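# Survey of secondary and tertiary structure
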Number of protein chains: 2
Amino acid sequence: MTIQLYDTTLRDGTQGEGVNFSSGDKLRIARKLDELGVHYIEGGWPGSNPKDMDFFTRAQAELDLQQAKIAAFGSTRKAHTPVQQDAQVRMLLDTGTEVVTIFGKTWDLHVFDVLRTTLDENEAMIYDTVAYLKENGKEVIYDAEHFFDGYRADPDYAIRTLQAAVRGGAACIVLADTNGGSMPWDIERIMGELRAAGITTPLGIHTHNDSEVGVANALAGVRAGAVHVQGTINGYGERCGNSNLLSIIANLNLKMGIQAVQPEQLQRLTAVANYVSELANLAPDDHAAYVGRSAFAHKGGVHVNAVVKNVNSYQHIDPALVGNEMRVVVSDLSGKDNIAVKREQLGLLGITREQERTVLGQIKEMEHQGYAFEAADASVELLLRRTQPDYAPPFQMIDFTTNVDYRQGRGLFSEATVKVRIEGEIFHEVAEGNGPVNALNLALRKALERFYPRLESVHLSDYKVRILDTHMATAATTRVLISFRDGKRTWSTVGASANIIEASWQALADGLEYALLNGESGSQ
Amino acid sequence: MTIQLYDTTLRDGTQGEGVNFSSGDKLRIARKLDELGVHYIEGGWPGSNPKDMDFFTRAQAELDLQQAKIAAFGSTRKAHTPVQQDAQVRMLLDTGTEVVTIFGKTWDLHVFDVLRTTLDENEAMIYDTVAYLKENGKEVIYDAEHFFDGYRADPDYAIRTLQAAVRGGAACIVLADTNGGSMPWDIERIMGELRAAGITTPLGIHTHNDSEVGVANALAGVRAGAVHVQGTINGYGERCGNSNLLSIIANLNLKMGIQAVQPEQLQRLTAVANYVSELANLAPDDHAAYVGRSAFAHKGGVHVNAVVKNVNSYQHIDPALVGNEMRVVVSDLSGKDNIAVKREQLGLLGITREQERTVLGQIKEMEHQGYAFEAADASVELLLRRTQPDYAPPFQMIDFTTNVDYRQGRGLFSEATVKVRIEGEIFHEVAEGNGPVNALNLALRKALERFYPRLESVHLSDYKVRILDTHMATAATTRVLISFRDGKRTWSTVGASANIIEASWQALADGLEYALLNGESGSQ
């Protein structure tokens, strides 16, 4: 069985709040999607967004795809307008793509209340537009918007609209659950009835996640005969998002025995998820199925103990199949197995069982004080490395100060100073920031970058503060978690103190020490 | 048809990375779950976590639930240990709960590789533990861990383990897809076969989201005859999370015609989602189905236009049914009605509609900057009072400074100064603290208490910090929420700024201003 994968991240995905891509980003994503084994890449709607035409022009000139075809997206012609004279339809031809996808109305409510036209005219709009694009040499995919809602409202009319697209010469009819309100069994039942009504054109399925069953709905569509399935990377999209194409691919390949992509391509799944979230500048979802950082993480002592005994006892697939990895989370809930697994992953072979126990004791004591190591891999690695007699820290902190001043009429001012020792030399720096921690970060970077210019590529990607025992109010312990990235890797560190500045300092210093340990070569 | 809702946020949910609740938080969440209409609340595993016993003790003393029963969670007895002598089982009795849920092994792989015992002994462990707890007067729920994986590996043995629990007297047999690898059709097929094998005890379903079909799997279980369904609020849980009980409830009530909760309870859905994420100190998922801030938000021009013409054209349900709302543009809280209600509650009759609109505009603008007034009643009241021409603030802030110094050998030092004007007089004070905010609080109190000694009875009871836009790292906006009490009342205020000191200052100053306005009599 062959399934055509149709990605709409670059069009429907950008309807999601906060999702915006430049044309350059779109080209880069299109290349990744091609490598992943996607068959169609919907590039945009030239009629609704002038930037999208730029993408199609550049795609033709610059992209050299192995397998994927670029599709332009648009709507049926306007009511009572000859299709040849419809500007939006002409733009679709101007994109020069091999494939054009157009959406039309299935639901009578939309025909009356949104288009404000007649059922017959809507049918003519669908037929005319599909036929015209087909005559102009396009492979035409017809998206039946609100198909399932429309079918529930008036099944006969819903089928008439599909038949108009079939007569026009559509290569594929895509059934869309645009509002995301259908249940998987609705999808299966209605698609079964559709077959019985004699539609023989290949069917596709397009679902949304408003009922948190978007992926299940897409799979239900495939089980009911769809040979074309649409979705977006990471499930980006309006409201609750489109169905997540990555989970759909993994489930098709690993759970349904349908080779939607090649096994080598499946191994790119996690990398594609991270790449697209990086370009979208959205934090990756750690808990995402298959590709999340925590998708194969084990925290509970019972689970970790079992995983050590048999790796398959608490994971549904081998994470390597989707390019992810098992991760053991270290926390006070967890026993010595967690540390041992961690040590092996890091290849720290010099560490003895004795030192391992010491680190575990340290972790328990520090967690008691308010640290939390489960999300702070880099801090755990540093604790392990520091047990090694030959470990030489890349810098040593001597002093720091922060100052926040508010003076009536002059406003707010934040400054920090830092004094560090690097290979015997003292670096003493000062910086201003928009808050005390920001100033401290800038001052520390100023000091370290004099000696380690490669730290310039290291960025803080996340800063979280949690007040523990909040009922202790401003005297409570503060826990700070900071995430860093350097373009290749991401890592996280933790600090804890009754003083938020000190807690932030600890996490900052650990994160930069880690960056320097794992850099490509020595200093400078 | 009746469905029993079983929440495991407080037990399985806390296996999620970054999810930690104090006993006090757990009690508060239990009350909310009861109001929502949940039937069972799993409170923890006393054998694995000493903190959990504290919850059960306090739950008995302090909770007065309308409907929900508290369940203690644990495992079957150890291999080759008489059940009466098993310390973990005895702890379950010690919790004093009416309901005990125990999990046992279904999957032969786990019996051999994890328990390292025989199939017969595992069966005896299940029977003995269920029977013993039942003899001791407990309602026993049996969780068949890895049921679906176990059934696929050896259906006969999997059924034998369930029969052992039935013989022991289990009130309900819960089929768990512990690794989250099953597909909805697997669940339906296997449960159908189970019925055919003659299991007549009520069945439950417990699913995880590793294949991004957790909610669909729970619903498939209900369609196949489960009358008990487990999940967690917001889908918190290990790896990719448990199935999201909120989406399950909404789908049962609104899509399957099963009244799992009353319509008035369903309207609490969004509030419960936000409340639990607030206590977990995890950012709410804006795109969460039904309850997310973006779940009924419209960005695309076409959609917004259509929604204006017919509100149902692009939404699958009326958001009010789940206590959510449609949102067309980014920002804002829910309108002037809230303000009007607030004004009436406060008896601020002098406030005009015009002033009300001004305050609403201020709130919208401030929320856009990062404030959140939902949990900061006192700040809202101050905004309203400050519109009154005769309002005289009890003090005015002139300057403040904070200093944090770390000097090698001398350690850490935090100091703050505050200058305020009270009835024309200047008070300038300095204090040390264990952190900059603590020092600022002490300095401010020192200044104010000279004039208003009754402030001595006002205490800070809670201090919460949240970094918004955490990907902006240390340059992100910080929101501070502070709660106060004076022995009679409690109130909360909010501050927001890129500078945590300033945000804290705002919330502190508002809280003390509020205390002075609502004191018993005039100053001193």
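Residues numbered from 1 in each chain as written. Chains lettered and ligands numbered in written order. Predicted model: local features only at pLDDT ≥ 70, side-chain atom pairs only at ≥ 80, totals over all residues. Heavy atoms only, no water.

## Looking at unusual backbone geometry
Residues and elements named next belong to chain A. To keep it simple, the criterion reads: Numbering of helices and strands starts at the N terminus; helices are DSSP runs of H or I of at least 4 residues and strands are runs of E of at least 2. Think of it in three bands: with a 1.4 Å probe and only protein chains considered, a residue is buried below 20% of the maximum accessible area for its type, exposed above 50%, and partly exposed in between.
Even without glycine at this site, His80 takes up a positive phi of about 55 degrees. Locating His80 in the fold gives a position in the loop between strand E3 (69-75) and helix H3 (87-94). For His80, a relative accessible area of 63% corresponds to the exposed category.

## Structural notes on helix H10 (residues 245-255) of chain A
Residue and element names in this part refer to chain A. Selection rule: In what follows, residue pairs with any heavy atoms lying within 4.5 Å of each other are defined as contacts. Pairs of N or O atoms within 3.5 Å make up the polar contacts considered here, provided that, within protein, one atom can donate a hydrogen while the other can accept it, and that residues adjacent in sequence are counted only when both atoms are side-chain atoms.
Burial analysis of H10 places nine of its eleven residues in the buried class, which makes it a mostly covered element. Along H10, the residues that are buried comprise Leu245, Leu246, Ser247, Ile248, Ile249, Ala250, Asn251, Leu252 and Asn253. Of the surrounding secondary structure, the elements contacted by the buried residues of H10 are strand E1 (4-7), helix H1 (23-36), helix H9 (214-223), strand E8 (228-231), helix H11 (263-266) and helix H12 (269-280). Of the residues flanking the start of H10, the one acting as N-cap is Asn244, its side-chain oxygen 3.0 Å from the backbone nitrogen of Leu246. Gly257 occupies a position one or two residues after H10 and carries a positive phi of about 65 degrees.

## Some thoughts on a negative patch on the surface
Defined as follows: What makes a patch is a set of residues exposed beyond 30% relative accessible area and free of salt bridges, joined within 9 Å when like-charged and within 5 Å when nonpolar (Val, Leu, Ile, Met, Phe, Trp, Tyr). Areas reported as accessible are Shrake-Rupley estimates using a 1.4 Å probe. Residue values count occlusion only from the protein chains shown. Salt-bridge detection follows one rule: a side-chain nitrogen of Lys or Arg within 4 Å of a carboxyl oxygen of Asp or Glu. Only four residue types enter the charge count: Lys and Arg as positive, Asp and Glu as negative, with His and the chain ends excluded. Every charge is mapped onto a representative atom, which is NZ of Lys, CZ of Arg, CG of Asp or CD of Glu.
Together, Asp285 and Asp286 of chain A together with Asp285 and Asp286 of chain B make up a negatively charged patch on the protein surface. Within the fold, Asp286 of chain A resides in the loop between H12 and strand E9 (297-298).

## Things to note about the interface of chain A and chain B
The test is simple: A 1.4 Å probe defines the accessible area here, and the buried area is the portion of it lost by two parts on being joined, summed over both. For two strands to be treated as a pair, DSSP must find no fewer than two bridges joining them.
Listed by partner, the interface residues are 105 residues for chain A and 105 residues for chain B. For the pair chain A and chain B, the summed buried area comes to about 9000 Å², and 52% of that belongs to carbon and sulfur atoms. Residue Asp399 of chain A pairs with Arg407 of chain B through a salt bridge whose shortest N-O separation is 3.8 Å. Across the contact surface, chain A and chain B share 25 residue pairs in polar contact (both at pLDDT 80 or more). Looking at which element gives the most residues to the side of chain A that touches chain B, the answer is strand E11 (residues 396-407) of chain A, with eleven residues. By the bridge criterion, seven bridges tie E11 of chain A to strand E9 (residues 396-407) of chain B in an arrangement that is antiparallel. In the sheet register, Tyr406 of chain A faces E9 of chain B, and the bridge partner there is Phe400 of chain B.

## With respect to the domain arrangement of chain A
Selection criterion: Segment limits for the domains were obtained from an automatic or database-derived domain assignment.
Partitioning chain A into structural domains gives domain 1 (4-261), domain 2 (297-367) and domain 3 (396-515). With centres defined by C-alpha atoms, the gap from domain 1 of chain A to domain 3 of chain A works out at 48 Å.

## Re the pattern of salt bridges
For the structure on display, the rule yields 57 salt bridges over all chains. The partner of Lys69 of chain B in a salt bridge is Glu139 of chain B, and the shortest N-O contact between them spans 2.8 Å. Pair noted here: Lys69 of chain B is in strand E3 (residues 69-75) and Glu139 of chain B is in strand E5 (residues 139-145), with a separation of 70 residues, a long-range link. The exposure class assigned to Lys69 of chain B is partly exposed, which follows from its relative accessible area of 26%. The exposure class assigned to Glu139 of chain B is buried, which follows from its relative accessible area of 19%. Salt-bridge contacts for Arg77 of chain B lead to Glu121 of chain B; the nearest nitrogen and oxygen are separated by 2.8 Å. Linking Arg77 of chain B in the loop between E3 and helix H3 (87-94) with Glu121 of chain B in helix H5 (residues 119-135), this pair joins segments that are 44 residues apart in sequence. What you see here is one network of salt bridges that share partners, running through Asp399 and Lys419 of chain A together with Asp405 and Arg407 of chain B.

## With respect to helix H17 (residues 436-451) of chain A
Selection criterion: How far a helix is expected to stretch is found by multiplying one less than its residue total by 1.5 Å.
Taking 1.5 Å per residue as the helical rise, H17 of chain A with its 16 residues ought to reach 22 Å, and the 24 Å between its terminal C-alpha atoms agrees with that figure. In terms of residue burial, H17 of chain A counts as a mostly covered element, since twelve of its 16 residues are buried. Buried positions along H17 of chain A lie against E11, strand E12 (411-422), strand E13 (425-433), strand E14 (459-467) and helix H18 (500-517) of chain A together with helix H18 (500-517) of chain B.

## Re the side chain of Asn242 of chain A
Tracing the backbone through its elements, the reader meets Asn242 of chain A in the loop between E8 and H10. Beyond its immediate sequence surroundings of up to four residues, Asn242 of chain A is in contact with Thr8, Asp12, His206, Thr207, His208, Asn209, Thr232, Gly235, Tyr236 and Gly237 of chain A.

## A word on the packing of aromatic side chains
Residues and elements named next belong to chain A. Here is the rule we go by: The aromatic pairing rule takes the rings of Phe, Tyr and Trp, using the six-membered ring of Trp, and pairs them if the centres are within 6.5 Å, calling planes under 30 degrees apart stacked, those over 60 edge-to-face and the rest tilted. Cation placement over rings: the criterion is NZ of Lys or CZ of Arg within 6 Å of the ring centroid and within 35° of the ring normal.
Using the criterion set out here, one finds 26 aromatic pairs over all chains in the structure. Here the aromatic rings of Phe451 and Tyr452 are separated by 5.0 Å at their centres, their planes lie at 75 degrees, and the arrangement is edge-to-face. Each residue in the set Trp45, Phe73 and Phe103 is aromatic and connected to the rest through ring pairs, giving one cluster. A cation over an aromatic ring shows up here: Arg11 above the ring of Phe73, its NZ or CZ 3.5 Å from the ring centre. Cation over ring: Lys32 sits above Tyr275, and NZ or CZ is 4.6 Å from the ring centre.

## Here we look at the sheet that holds E14 of chain A
All names here are of chain A. Spelled out, the test is: The axes used here are C-alpha line fits, helices contributing only the stretch in contact, and every angle between their N-to-C directions lies in the interval 0 to 180 degrees.
If you walk across this open sheet you meet the three strands as E14-E15-E16, and the pairing is antiparallel. Both edges of this open sheet fall to E14 and strand E16 (490-497), since each of them pairs with a single strand only. For this sheet, the mean angle separating the axes of adjacent strands, direction not counted, is 15 degrees. Where strand E15 (residues 478-485) meets E16, eight bridges bridge the pair, whose relative direction is antiparallel. Bridge pairing in E16 places Val480 opposite Gly495.

## Here's the deal with the nonpolar core
Under the convention used in this document: Among buried residues, the Ala, Val, Leu, Ile, Met, Phe, Trp, Tyr and Cys ones that are joined through side-chain atoms within 4.5 Å form a nonpolar core.
In terms of nonpolar packing, the biggest core is built from 181 residues, with Tyr142, Phe147 and Leu252 of chain A together with Tyr142, Phe147 and Leu252 of chain B touching the most fellow members. Filtering out sequence-adjacent residues up to four positions away, Phe147 of chain B remains in contact with Thr106, Ala158, Leu162, Leu175, Ala176, Ile190 and Leu194 of chain B. Grouped together as the second largest cluster of nonpolar side chains are 86 residues, Trp491 of chain A together with Val404, Ile501 and Leu516 of chain B included.

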